[in-house]
Amino acid sequence: MAGVALLALLVGGGAGAAGGYLAADTATDSPSSNALNQPAPAKQTGGAEQGSVEAVAEKLKPSVVQLQVQGQGSANEGSGFVISEDGYILTNNHVVEAAARGGDMTVVFHNGDEAEAEVVGRDPSTDIAVVRAQDVSGLTTVELGRSDDLNVGQSVVAVGSPFELAGTVTSGIISSLNRPVTAGGQGDQTTVMDAIQTDAAINPGNSGGPLANMQGQIVGINSAIYSPSQGGNVGIGFAIPIDQARRTADEIIKNGHATQTYIGATVGNAPSGGAAIGEVQSGSPAEEAGIESGDVIVKMGERRIEDANSLVAAIRTRAPGEQVTFTLGDGNTVEVTLGGQPVTVN
């Protein structure tokens, strides 16, 4: 996992060595410059420049925590961030799933303090979870931003605990938006999320930590990486948009469970592109809108739908009750009022 640097030393002999001796000998009468004799510069006294990575790190680090989970015969570590002074923390479902199944969880704060924690609620379908640290107060909370106005190329900062290195800060840009990605390393369509792609270094242990803009506002939750071999960063990481995470966390805290947005139909990949509608549930939003089995959805609003996962991810970004326009493969459009149903957690 550590890179190996190979340093080649080219040593000249014979005439080269003699030439070096003569040059040194002829320079003995002139004083030589030596960096070790120079005085150290004055200490930095000014604060971090606003909008710099340093300023974002100063703002975020007091609110970012390390989560240590023991359960199911294994140990797991991840990250999270404080969203309330009395201990609510936002993170990934896959970080805390073992604790929800009877394991133990410890929160390690930036200053080294520790507290036991419990799972308040979780949504495996979007890889979001809320936990609460016990017997704490006066915590420093993050500032939540928005993810619906992000731009490709925009600078971002990630903070977390990769490989147990707590408080690690990395930076990069937003590489792409609206990437359909399977959350939490599971291979089920029910865990598809509409991700922010970034090249900020994200590694195992960063999961659940914040992705922030240059004002220090949280725009995403780091959740997954693309790693073809060793499980480390290759410059392709994915974060859950904060707009979706915020809505889910609010539902969990207020109601004890998350609500999943749905249309009430199974979907598959259409041979020529788009999402092919399979079975349509009776009384579902899809049926009420007139969607039928065999229809192919190629756009939702102005967004192109390339396959089934693209449609699932796009729907998950919207709230129940919102009205959206689907464009079908034959050019017709359908207005659908999205439904909502409680997330089932096994």
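Residues numbered from 1 in each chain as written. Predicted model: local features only at pLDDT ≥ 70, side-chain atom pairs only at ≥ 80, totals over all residues. Heavy atoms only, no water.

### Describing the overall build of the protein chain
Here is step 1 of the chain: Across its full length, the protein chain holds six helices and 21 strands.
Here is step 2 of the chain: Expressed as a percentage of its 346 residues, the buried residues of the protein chain come to 42%.
Here is step 3 of the chain: Counted over contacts in the protein chain with a minimum sequence separation of 6, partners at least 24 positions apart contribute 59%.
Here is step 4 of the chain: Total accessible area on the protein chain stands at roughly 17800 Å², and carbon and sulfur atoms take up 46% of it. (Helix = DSSP H or I, 4+ residues; strand = E, 2+ residues; numbered from the N terminus. Buried < 20%, exposed > 50% of the residue type's maximum accessible area, 1.4 Å probe, protein only. Contact = heavy atoms within 4.5 Å. Areas by Shrake-Rupley, 256 points an atom, 1.4 Å probe, with all protein chains shown as cover.)

### Looking at helix H6 (residues 308-316)
Since the α-helix advances by 3.6 residues per turn, residues separated by three or four positions end up pointing in the same direction.
Here is step 1 of the chain: In terms of burial, H6 is a largely internal element, eight of the nine residues being buried.
Here is step 2 of the chain: What H6 keeps buried is the set Ala308, Ser310, Leu311, Val312, Ala313, Ala314, Ile315 and Arg316.
Here is step 3 of the chain: Between the side-chain oxygen at the start of H6 and the backbone nitrogen of Asn309 there is a gap of 3.4 Å, and the oxygen is on Asp307. (Polar contact = N/O pair within 3.5 Å; in protein donor to acceptor, adjacent residues only side chain to side chain.)

### Description of the pairing of strand S17 (residues 296-300)
Here is step 1 of the chain: Here strand S16 (residues 275-280) pairs with S17 via two bridges, running antiparallel. From the neighbouring strand, Ala275 faces S17, where its bridge partner is Ile297.
Here is step 2 of the chain: Strand direction decides the pairing type here: S17 and strand S19 (residues 323-328), joined by three bridges, are antiparallel. Bridging across to S19, Met300 finds its partner in Phe326.
Here is step 3 of the chain: Relative to strand S18 (residues 303-304), S17 is paired through two bridges, and the arrangement is antiparallel. Residue pairing in the sheet places Lys299 in a bridge with Arg304 of S18.
Here is step 4 of the chain: Following S17, the chain reverses through two residues before pairing antiparallel with S18; Gly301 in that reversal takes a positive phi of roughly 65°. (Pairing = 2+ DSSP bridges.)

### Digging into the environment of Leu165
Here is step 1 of the chain: Its location among the elements puts Leu165 in the loop between strand S8 (155-160) and strand S9 (168-182).
Here is step 2 of the chain: Accessibility expressed as a relative area gives 52% for Leu165, which makes it exposed.
Here is step 3 of the chain: Each C-alpha atom, one on Leu165 and one on Gln66, is 9.2 Å from the other, the two residues being 99 residues apart in sequence.

### Some remarks on helix H2 (residues 53-60)
Here is step 1 of the chain: Restricting attention to buried positions, one finds in H2 the residues Val56, Ala57 and Leu60. Burial along H2 is one-sided: seen end-on, the buried residues are contained in an arc of 100°. (Arc of directions from axis to C-beta.)

### Re the pairing of strand S13 (residues 237-241)
Here is step 1 of the chain: With five of five residues buried, S13 is to be regarded as a mostly interior element.
Here is step 2 of the chain: When strand S12 (residues 217-225) meets S13, the two strands line up antiparallel, connected through five bridges. Directly across from Ala224, in S13, lies its bridge partner Phe238.

### Focus: the side chain of Gln66
Here is step 1 of the chain: By the element assignment, Gln66 lies in strand S1 (residues 64-71).
Here is step 2 of the chain: With a relative accessible area of 8%, Gln66 lands in the buried category.
Here is step 3 of the chain: A polar contact is formed between the side chain of Gln66 and the side chain of Glu77, at a distance of 2.7 Å.
Here is step 4 of the chain: In this structure Gln66 touches Glu77, Gly78, Thr106, Val107, Val108, Ser161, Glu164 and Ala166, once residues within four positions along its chain are discounted.

### Details of a negative patch on the surface
Here is step 1 of the chain: Together, Asp104, Asp113, Glu114 and Glu116 make up a region of like negative charge exposed at the surface.
Here is step 2 of the chain: When you line up the elements, Glu116 lands in strand S5 (residues 114-123).
Here is step 3 of the chain: With relative accessibility at 46%, the residue Glu116 sits in the partly exposed group. (Patch = residues over 30% accessible without salt bridge, like charges linked within 9 Å, V, L, I, M, F, W, Y side chains within 5 Å. Salt bridge = Lys/Arg side-chain N within 4 Å of Asp/Glu carboxyl O. Lys, Arg positive; Asp, Glu negative; His and termini not counted. Charge placed at Lys NZ, Arg CZ, Asp CG, Glu CD.)

### Let's talk about the sheet that holds S5
Here is step 1 of the chain: If you trace the six strands once around the closed barrel, you get S1-S2-S3-S6-S5-S4, paired in antiparallel fashion. Averaged over neighbouring strand pairs, the angle between their axes works out to 40° when direction is ignored.
Here is step 2 of the chain: Looking at chain direction, S1 and strand S2 (residues 74-82) are connected through eight bridges and run antiparallel. When the bridges of S2 are listed, Gln68 appears paired with Glu77. (Axes fitted to C-alpha atoms, helices over the stretch in contact; angles between N-to-C directions.)

### Observations concerning the nonpolar core
Here is step 1 of the chain: Counting 27 residues, the largest nonpolar core has Leu60, Phe81, Leu90, Ile218, Ile221, Ile242 and Ala245 as the members making the most contacts within it.
Here is step 2 of the chain: Where this core is concerned, the elements lending two or more residues are H2, strand S3 (88-91), strand S6 (128-133), S8, strand S10 (192-198), S12, S13 and helix H4 (242-255).
Here is step 3 of the chain: With four residues, H4 is the largest single contributor of residues to this core.
Here is step 4 of the chain: Counting the residues that make up this core, at least three belong to each of domain 1 (53-133) and domain 2 (143-183 + 190-255).
Here is step 5 of the chain: Counting residues in hydrophobic clusters, the runner-up holds 23 residues, among them Ile297, Met300, Ala308 and Val324. (Core = buried A, V, L, I, M, F, W, Y, C linked by side-chain atoms within 4.5 Å. Domains from an automatic or database assignment.)

### Some thoughts on the confidence of the model for the protein chain
Here is step 1 of the chain: When pLDDT is averaged along the protein chain, the result is 87, and 88% of the positions lie at 70 or above.
Here is step 2 of the chain: Counting interchain partners and residues more than four positions distant, the pLDDT-below-50 stretch residues 1-27 has two contacts. (pLDDT = per-residue confidence, 0-100.)

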